[in-house]
Amino acid sequence: MTIASQIKHAAEDALKNLYPGVAIDISMIGVNQTKPEFAGDYTIVLFPFLKLLKQKPDIIGKQLGDYLLQKNELFSSYEIVSGFLNLAVKDTWWVSFLMNHFTDAHYGEKSKADRRVMIEYSSPNTNKPLHFGHLRNNFLGAAMAEILKATGNQVVKANLINDRGIHICKSMVAWMKFAHGATPESTGIKGDHLVGDYYVKFNDEYKQEIAALTARGMDEKMAEKEAPIMRDAQDLLRKWEAGDTEVRELWQMMNGWVYKGFDESYKRLGISFDKVYYESDTYLLGKKIVEEGLRKKVLFKKEDGSVWIDLTDEGLDQKLLLRGDGTSVYMTQDLGTAKLKYDEFKLNQSVYVIADEQNYHIQVLKLIMKKLGEPCADGIYHLSYGMVELPTGKMKSREGTVVDADDMVSEMINLSKEQTETSGKTEGFSADELVKLYETIGMGALKFYLLRVDPKKKMIFDPKESIDLHGYTATFIQYAHARICSILRKENIPLSPDCTKFQSFVQTSELAPLEKKIILALEEYPLILSEAADGFNPSSICNYSFQLAQMFNTFYDAHSISKAESDEKKQLRLMIIIMTASVLRHAMHLMGIKLPEKM
RNA sequence: GGCCCGGUAGCUCAGCUGGAUAGAGCACCAGCCUUCUAAGCUGGGGGUCAUUGGUUCGAAUCCAAUCCGGGUCACCA
């Protein structure tokens, strides 16, 4: 139990004893960290009790304070300032907290429960390489998977690859027309980029054809349908669905190039999956569910044979679930996949990391499943995130205005190289170590930049201003960690020291404010972790980590550790920084960010 | 138009289950390296928390309306 909730319960108990017969609910008791300008560690707000207890705040505060001090081992003193009861927790409590946890590499984690969660993320189309927006999705999904694991869930990381459909046919058509047999091997271009180039080529050609047709007097809607290259793409899609051998072979070859490219990118990004679904395997799955829905009369058929659901009672619209010709739409396959996932893994929760433009879609998906009485419905959760935009607006791969993910990674690694070199910090590293270090710093900066913002907010990214390695960044946290490691190296203390190291520590002197401040922050970590899990929000962990690193830097500047004023202080401070480094490592590990021991 | 989301310092963002004088980072200004890593630390300027009204002892936070920005409402995915 956290110290804050211990205090809450102690206060509840105190009030019930002091004012028997008065209904005090624990939810009325507000406990916050005391503002730095006042003495004390935690504050109980007295205003909510005034009416109920018919007393002045000073009187309630005094009674409550006296009671807590007398009956509870936790507190050393209290002070009442205009309606706020500021309680000081005994130093001995903080020190024993520190001694109990400072070597625990899993501090903050919850024990494994029988709760199975799938988190689907990444889910790329196979017609183009990953761009900056996909990175947000990938990092969010990977971070949430780790956070959910750390908070006791059994997590399945899933990727649903959109490997079929008109988009990939477009790349195929353009490749057949213009590539003259070019392959990743023959051109030296990474497979996903090569295929993406032909997707852009398709759209260039398509635009020209539309222009040519409208110039001859065709109206634009018609021209969009009639453009020969588009007809070719649609023709290809039909052949694909019919299982045409040649088309399937080409499709497999080009997708193969893309997967090879993706694998490289994923590896570099540190992204992995436990389960990969392919849309080409799952796109037909929903039809059974639709038939069942018709039988149950949850769905209805229109004259042309198309199948719909009526959601107007829920304030939504009618939604198409099956085309008139019996072929499935996006929603059809999502229904099938949702059920497949549930049946395969007996999921308690199924999380979809998908951009907020699909809020409506997922809402409808969940609603349909509910109406069909499918048990998977309740577990569906949409981790909706805002899109990454450029100062000029949305990124559009068709128009080539995207910031490419691979480019961005290289750029960040270069930036970290430049910065390290210009500040002359390359000394004492081998060439190999430097390569690793630049990777650690560059990737860390990128991940942190995308994870530090509340997922549901959209981001505007200005590539010209690039990304900083100062201030609220992973670099800042990495630097604090490296400083701690440097001290520990000099003191010959391993990163995870055995528990016997400071066992004989006896505290005699008072904690300095900065010492206590860090211990208080460390105590909060489990709470931060579980809030991040509950709110599906990794940014709170970024925020916390930055603040903790900042506290350490201030502390480091104000107090010497190696040359502390006494051996007692030195031991205490070593324990503090060992635990600080450990928590930073833990938190950043969840974000997929490594912390170097030297930088 | 219906539904959903956002609007906090010049910029990027915390804070939003109501609590003390609204916080960081960047940028700007002034200091701090014979002492454990200056990718750091300290201090400073900078705010009608979109607007209006309401609830409350107390509102950036809750409610209502309005304004601005975005998303979505396809036999696309």
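Residues numbered from 1 in each chain as written. Chains lettered and ligands numbered in written order. Predicted model: local features only at pLDDT ≥ 70, side-chain atom pairs only at ≥ 80, totals over all residues. Heavy atoms only, no water.

Draft legend 1. Main features of the pairing of strand β11 (residues 349–355). Summarising burial for β11: 7 of the 7 residues are buried, a large majority. Across the two faces of β11 the burial is the same, with Gln 349, Val 351, Val 353 and Ala 355 and Ser 350, Tyr 352 and Ile 354 all buried. One ladder, built from 4 bridges, connects strand β5 (residues 116–120) with β11; its direction is parallel. Across the sheet, the residue bridging to Ile 119 is Val 351, located in β11. Looking at chain direction, β11 and strand β12 (residues 380–385) are connected through 6 bridges and run parallel. Paired with Val 353 across the strands is Leu 383, a residue of β12. For the crossover that starts at β11, traverses helix α15 (residues 359–371) and ends in the parallel β12, the hand is right-handed. (Buried < 20%, exposed > 50% of the residue type's maximum accessible area, 1.4 Å probe, protein only. Helix = DSSP H or I, 4+ residues; strand = E, 2+ residues; numbered from the N terminus. Pairing = 2+ DSSP bridges. Right-handed = clockwise from strand over helix to strand, strands pointing away.)

Draft legend 2. Structural detail: the pattern of salt bridges. One pass over the structure, following the stated rule, counts 25 salt bridges. The partner of Arg 164 in a salt bridge is Glu 241, with the nearest N and O atoms 3.2 Å apart. Within this pair, whereas Arg 164 is found in the loop between β6 (154–161) and α6 (166–178), its partner Glu 241 is found in helix α10 (residues 228–242), the two being separated by 77 residues in sequence. We classify Arg 164 as buried; its relative accessible area is 12%. For Asp 235, the salt bridge identified is with Lys 239, shortest N-O distance 3.6 Å. With Asp 235 and Lys 239 both in helix α10, this residue pair falls 4 residues apart, about one helical turn. Classification of Asp 235 by relative accessible area gives partly exposed; the value is 32%. Each of Glu 515, Glu 565, Lys 569 and Arg 573 takes part in a single network of salt bridges with overlapping partners. (Salt bridge = Lys/Arg side-chain N within 4 Å of Asp/Glu carboxyl O.)

Draft legend 3. Expanded view of the environment of Leu 367. Residue placement: Leu 367 occurs in helix α15. Taking the C-alpha atoms as reference points, Leu 367 and Ser 27, separated by 340 residues in sequence, lie 33 Å from one another. Those residues within four positions of Leu 367 in sequence are excluded, and the remaining contacts are Leu 311, Glu 314 and Leu 316. (Contact = heavy atoms within 4.5 Å.)

Draft legend 4. Expanded view of empty space enclosed by the protein. On inspection of all chains with the given rule, the structure shows 1 cavity of 30 Å³ or more. Of the pockets and cavities examined, the largest cavity occupies roughly 50 Å³. Every residue along the wall of the largest cavity is listed here: Phe 102, Thr 103, Asp 104, Ala 105, Leu 495, Ser 496, Pro 497, Ile 578, Ser 582 and Arg 585. (1 Å grid on protein atoms, 1.4 Å probe; cavity = no way out; pocket = protein on both sides within 12 Å on 5 of 7 lines; lining within 4 Å. Points joined across faces, edges and corners; volume = space filled by probe spheres on them.)

Draft legend 5. Representation of the packing of aromatic side chains within the structure. For the coordinates displayed, the defined rule picks out 22 aromatic pairs. The ring of Trp 251 carries Arg 248 above its face, with NZ or CZ at 5.6 Å from the centroid. Here the basic side chain of Lys 598 rests over the ring of Phe 429, its NZ or CZ set 4.9 Å away from the ring centre. (Phe/Tyr/Trp six-rings, centres within 6.5 Å; stacked < 30°, edge-to-face > 60°. Lys NZ or Arg CZ within 6 Å of the ring centre and 35° of its normal.)

Draft legend 6. Summary view of the protein's contact with RNA strand B. Neighbouring residues of RNA strand B: 58 residues in total, closest Asp 304, Asp 317, Lys 425, Ser 486 and Tyr 556. For RNA strand B, the backbone portion of the atoms within 4 Å of the protein, that is sugar and phosphate, comes to 62%. Within the contact set of RNA strand B, a base nitrogen lies 2.9 Å away from a side-chain nitrogen or oxygen of Asn 86. In the model, a phosphate oxygen of RNA strand B is placed 3.2 Å from a nitrogen or oxygen of the Thr 554 side chain. Among the secondary structure elements, those contributing two or more residues to the surface near RNA strand B are β2 (42–45), β4 (84–89), α18 (474–490) and α20 (539–558). At 8 residues, α18 tops the list of elements feeding residues into the surface near RNA strand B. Class assignment for the residues of the surface near RNA strand B results in 21 nonpolar, 17 polar and 20 charged. (Near = heavy atom within 4 Å. Polar contact = N/O pair within 3.5 Å; in protein donor to acceptor, adjacent residues only side chain to side chain. Nonpolar A, V, L, I, M, F, W, Y, C, P; charged D, E, K, R; others polar.)

Draft legend 7. Representation of helix α8 (residues 191–215). Between its first and last C-alpha, α8 extends 36 Å over 25 residues, near the 36 Å set by a 1.5 Å rise per residue. Among the residues trailing α8, Gly 217 stands out with phi positive, at a value near 100°. (Expected span 1.5 Å × (residues − 1).)

Draft legend 8. Quick peek at the sheet that holds strand β3 (residues 75–81). Pairing within the open sheet is antiparallel, and its 4 strands lie in the order β1-β2-β4-β3. Looking at the sheet topology across the chains shown, the edges are occupied by β1 (31–33) and β3. With strand direction ignored, the average angle separating the axes of adjacent strands in the sheet is 30°. (Axes fitted to C-alpha atoms, helices over the stretch in contact; angles between N-to-C directions.)

Draft legend 9. Main features of the domain arrangement of chain A. What the domain assignment lists for chain A is domain 1 (3–89), domain 2 (165–269) and domain 3 (405–590). Between the C-alpha centres of domain 2 and domain 3 there is a distance of 46 Å. Each partner contributes to the interface: domain 2 provides 6 residues, whereas domain 3 provides 7 residues. When the two sides are added together, the surface that domain 2 and domain 3 hide from each other amounts to roughly 510 Å², 43% of it contributed by carbon and sulfur. Its largest share of buried area at the contact with domain 3, domain 2 owes to His 193, Arg 268 and Leu 269, together 87% of the area lost on that side. Between Arg 268 and Glu 439 there is a salt bridge, with its nearest N and O atoms 3.8 Å apart. Our count for the contact surface shared by domain 2 and domain 3 stands at 4 residue pairs in polar contact (both at pLDDT 80 or more). Contributing elements (two or more residues each) for the side of domain 2 that touches domain 3: α8 and α11 (245–269). No other element matches α11, which puts 3 residues into the side of domain 2 that touches domain 3. (Domains from an automatic or database assignment. Buried area = accessible area lost by both parts, 1.4 Å probe.)

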